[in-house]
Amino acid sequence: MQDLTVLVLEDEPFQRLVTVTALEKVLPGPILQAANGHEAVVVLSACKAVDIVLCDLKMTGMDGLAFLRHASSSGKIGAVVLCSELDPVLRQATVAMIHCLGLTFLGDLGKPFKLEGFSHLVNRYRELCSAGPQLLSPAELPTLSDVQRGLDNGEFEAYYQPKVTLEGQLLVGAEVLARWTHPQWGVLSPAHFLPIMEEYNLINRLFWQLFEQGLALQQRLGAQERVINLAFNLHPAQLACAALTERITMLLKRSQVPASSVMFEITESGLISAPASSLENLVRLRMLGCGLAMDDFGAGYSSLDRLSELPFTQIKLDRAFVRKMQNQPKSAAIISCSVALAQALGISLVIEGVETDEQQARLIELGGTLAQGFLFARPLPESHFIDFCSQQADWHRC
Ligand code: C2E
Ligand code: CA
Ligand code: CA
């Protein structure tokens, strides 16, 4: 792997000198430095990318928080390490903010700077980079022409993540998630190509490719009298297209897959400002017999009115609630309220992001019935998903 570029953002000159000197001794790559957020912005704009920003938070002028907000949109930062004396509650909120900005948080070193702790985080960063799919160096993000070539060559592939019952782990369906088998980088996750696809209106092309792959799988399984319910992610921008339902109807007919075996997941934030034509498409999809899921429920702005107005058949509770459940009692309260809400509306609730046995047990206590998460299965390529299905004694439907 290439040498790492590190940026040290620290206003206290002596601290900065000690940190930079220590890093220069152990890391071969460039160690950049800045005394405040403004300087850091200038340094960042002058370089191709920074692998790790070592960030103090409090300083006069533009502070560390403002710098991170500013820098997150540049796509040039690989990961952030905090190095601050802030009290733990504020640091926790800062970590949440870093996640919200879409940045990778590596760890919190506190102060004064300790080389040992930092070396440990550098190793973690290298591990993440060598895992490839999750974290490329930002300097290596695919370009538009690369994405177009990938679409032309059919390099985008449907992966399938099972939705299961919390008790007994019975298969009830699967979510279709996009992966790009890149000739140079291997399998890439959506974070590496969706932003550029959104910017250049390519999401629709991706959708049709995955939809056809999913229907082909359903058709093949259907020929063996096996039914699997598949859920496809629809980007809010696609809902504005008048021809959407027509083409879905045509493809369902051609593949002989019943509409009731197909669901579409739409994020709640995409629905807040949806024009009437988008809502019309949602109604049409339901009239056709497809399911509709409100995705990432609870992560965006509250959209209870949309939930009551629109014909949703499923809520997918954002995985942030499961992640925080153990440390924040309020998250558990939100989960049990969501269970009650779905019950009252007569629709299903899938809890996302279940990773441990403890979470599974607690979610059952809170009344949860359906879930999705790494504990049960990661998103699987088609052949592995078929193996997963074959291990099920009986298939249940959502
Ligand atoms: P999503 O729709 O909320 O999909 C679930 C994401 O959570 C997936 O990430 C999945 O791999 C991940 N996940 C599942 N279980 C766990 C778990 O236990 N722990 C953790 N930490 N993560 C888990 P992925 O595949 O990277 O997709 C990210 C997002 O990209 C999706 O979020 C969806 O919004 C979008 N996306 C993926 N494929 C498509 C697509 O074909 N079209 C559109 N429009 N969006 C897509
Ligand atoms: Ca989804
Ligand atoms: Ca989701």
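Data block above holds the structure.
The text that follows walks through the structure, step by step, so that each part is easy to find.

Attention now goes to the overall build of the chain. Helices and strands together make up the secondary structure of the chain, namely 17 helices and 15 strands. Compactness check: the chain gives a C-alpha radius of gyration of 23 Å against a globular reference of 21 Å for 398 residues, within 12% of the reference. Counting only C-alpha atoms and orienting by the principal axes, one finds that the chain spans roughly 70 × 50 × 45 Å. When the 398 residues of the chain are sorted by exposure, 51% land in the buried category. Long-range pairs, those at least 24 residues apart, make up 71% of the contacts in the chain with a sequence separation of at least 6. Working note: accessible area of the chain is about 18,800 Å², and carbon and sulfur atoms make up 54% of it. Within the chain, the 42 negative side-chain charges are centred at a point lying 2 Å from the centre of the 31 positive side-chain charges.

Judged by how many residues are buried, strand S11 (residues 291-297) sits mostly within the fold: six of seven residues are covered. The pairing of S11 with strand S12 (residues 314-317) spans three bridges and is classified as parallel. Bridge pairing in S12 links Ala 293 to Gln 314.

Below, the discussion takes up a nonpolar patch on the surface. A surface patch of nonpolar side chains, about 320 Å² in accessible area, is lined by Phe 14, Leu 17 and Val 18. The residue Leu 17 is located in helix H1 (residues 13-26) in this model. For Leu 17, a relative accessible area of 54% corresponds to the exposed category.

This next bit is on the coordination of the calcium ion (ligand 2). Note on the calcium ion (ligand 2): its protein donors are Glu 175 (OE), Asn 233 (OD1), Glu 265 (OE) and Asp 295 (OD). The metal-donor distances range over 2.1 to 2.4 Å. Counting gaps between the donor residues of the calcium ion (ligand 2) yields the pattern E-x57-N-x31-E-x29-D. For the pair the calcium ion (ligand 2) and the calcium ion (ligand 3), the metal-to-metal distance amounts to 4.0 Å, and Asp 295 bridges them. Highlighted residues: Asn 233 in strand S9 (residues 230-233) and Glu 265 in strand S10 (residues 262-267), separated in sequence by 32 residues.

Taken together, 21 residues are adjacent to ligand 1, and Glu 175, Arg 179, Arg 319, Glu 355 and Phe 374 come closest. Within the backbone of Ala 178, one N or O atom sits 3.1 Å away from a nitrogen atom of ligand 1. Relative to its free-state accessible area of 800 Å², ligand 1 is covered by the protein chains to the extent of 82%. Of all elements in the fold, only strand S7 (171-182), helix H8 (203-223) and S11 reach the threshold of two or more residues within the shell around ligand 1.

Two orientations exist for strands paired in a sheet by backbone hydrogen bonds: parallel and antiparallel. Read across the sheet, five strands follow the order S2-S1-S3-S4-S5 without closing on themselves; strand pairing throughout is parallel. Each edge of the sheet is formed by a strand with only one pairing partner; in this case those strands are strand S2 (31-34) and strand S5 (105-108). The sheet shows a mean angle of 20° between the axes of neighbouring strands, direction not considered. Pairing geometry for strand S4 (residues 77-82) and S5, over three bridges, is parallel. By the bridge assignment, Val 80 is partnered in S5 with Phe 105. Its contacts with the sheet put H1 on strand S1 (6-9), S2 and strand S3 (50-55), and the angle it makes with S2 is roughly 170°.

So, on to the pairing of strand S6 (residues 156-165). Side-chain positions along a regular strand alternate between the two faces of the sheet. Within S6, nine of the 10 residues are buried, leaving the element largely enclosed by the surrounding structure. In the sheet, S6 pairs with S7 via nine bridges, with the strands oriented antiparallel. Residue pairing for S7: Gln 161 is matched across the bridge by Glu 175. Linkage of S6 to S7, two consecutive antiparallel strands, is achieved through a turn of five residues, within which Gly 168 is found at a positive phi near 90°. Bridge count for S6 against strand S15 (residues 380-381) is two bridges, and the pairing is antiparallel.

Distances from the calcium ion (ligand 3) to its protein donors, Asp 295 (OD), Asp 296 (OD), Glu 352 (OE) and Glu 352 (OE), fall within 2.2 to 2.5 Å. On the primary sequence, the residues serving as donors to the calcium ion (ligand 3) are separated as D-D-x55-E.

Moving on, we get to the packing of aromatic side chains. Applying the stated rule across the entire model yields 12 aromatic pairs. Look at Phe 207 and Phe 211: their rings are 5.4 Å apart centre to centre, the planes differ by 15°, and that puts the pair in the stacked class. In this pair, Phe 207 and Phe 211 both sit in helix H8, four residues apart, roughly one turn of the helix. Aromatic ring contacts, followed pair by pair, group Phe 207, Trp 208, Phe 211, Phe 232 and Phe 264 into a single cluster. The lysine or arginine in question, Arg 179, covers the ring of Tyr 159, its NZ or CZ lying 5.7 Å from the ring centre. Here the basic side chain of Arg 247 rests over the ring of Trp 208, its NZ or CZ set 4.3 Å away from the ring centre.

Conventions adopted
- Positions within a chain are numbered from 1, following the residues in the order the chain's sequence is written.
- Chains and ligands are labelled sequentially in the order written, the chains with letters from A and the ligands with numbers from 1.
- It should be noted that, the model being predicted, local features are given only for residues of pLDDT at least 70 and side-chain atom pairs only at 80 or more, the latter also being counted only at that level, while totals for whole chains, interfaces and linings use all residues.
- Side-chain metrics in this entry use all non-hydrogen atoms of the structure; hydrogen atoms and water are not considered.
- Think of it this way: any DSSP run of H or I at least four residues long counts as a helix, any run of E at least two long counts as a strand, and we number them from the N terminus.
- C-alpha atoms define the radius of gyration, and 2.2 Å times the number of residues to the power 0.38 defines the globule rule.
- Think of it in three bands: residues with accessible area under 20% of the maximum for their type are buried, residues over 50% are exposed, and the middle band is partly exposed, with areas taken using a 1.4 Å probe on protein chains only.
- Two residues qualify as a contact provided that any one of their heavy atoms is within 4.5 Å of a heavy atom in the partner residue.
- Working definition of accessibility: Shrake-Rupley area with a 1.4 Å probe, residue cover restricted to the visible protein chains.
- Charge assignment: positive for Lys and Arg, negative for Asp and Glu; neither His nor the chain ends contribute.
- The location of each charge is read from NZ of Lys, CZ of Arg, CG of Asp or CD of Glu.
- If DSSP finds at least two bridges between two strands, the strands pair.
- Patch membership requires more than 30% relative accessible area and the absence of a salt bridge. Residues of like charge join within 9 Å; the nonpolar side chains Val, Leu, Ile, Met, Phe, Trp and Tyr join within 5 Å.
- A pair is scored as a salt bridge if a Lys or Arg side-chain nitrogen falls within 4 Å of a carboxyl oxygen belonging to Asp or Glu.
- In this listing, donors mean N, O and S atoms no farther than 2.8 Å from the metal, or 3.2 Å for Na, K and Ca; water is missing from the atoms, so a site can look incomplete.
- Whether a residue is near a molecule or strand is decided by its heavy atoms; if any one of them lies within 4 Å of it, the residue is near.
- Polar contacts here mean pairs of N or O atoms no more than 3.5 Å apart (in protein, one a potential hydrogen donor and the other a potential acceptor; neighbouring residues in sequence count only if both atoms are side-chain atoms).
- Think of each axis as a best-fit line through the C-alpha atoms, taken over the contacting stretch in the case of a helix, with angles from 0 to 180 degrees between the N-to-C directions.
- Here is the rule: rings of Phe, Tyr and Trp (six-membered ring for Trp) pair when centre to centre is within 6.5 Å. Planes less than 30 degrees apart are stacked, more than 60 are edge-to-face, and the remainder are tilted.
- In this scheme, the term charge over a ring applies when either NZ of a lysine or CZ of an arginine sits within 6 Å of the ring centre and within 35 degrees of the ring normal.

Purely geometric stuff here, so don't read any function into it on its own.
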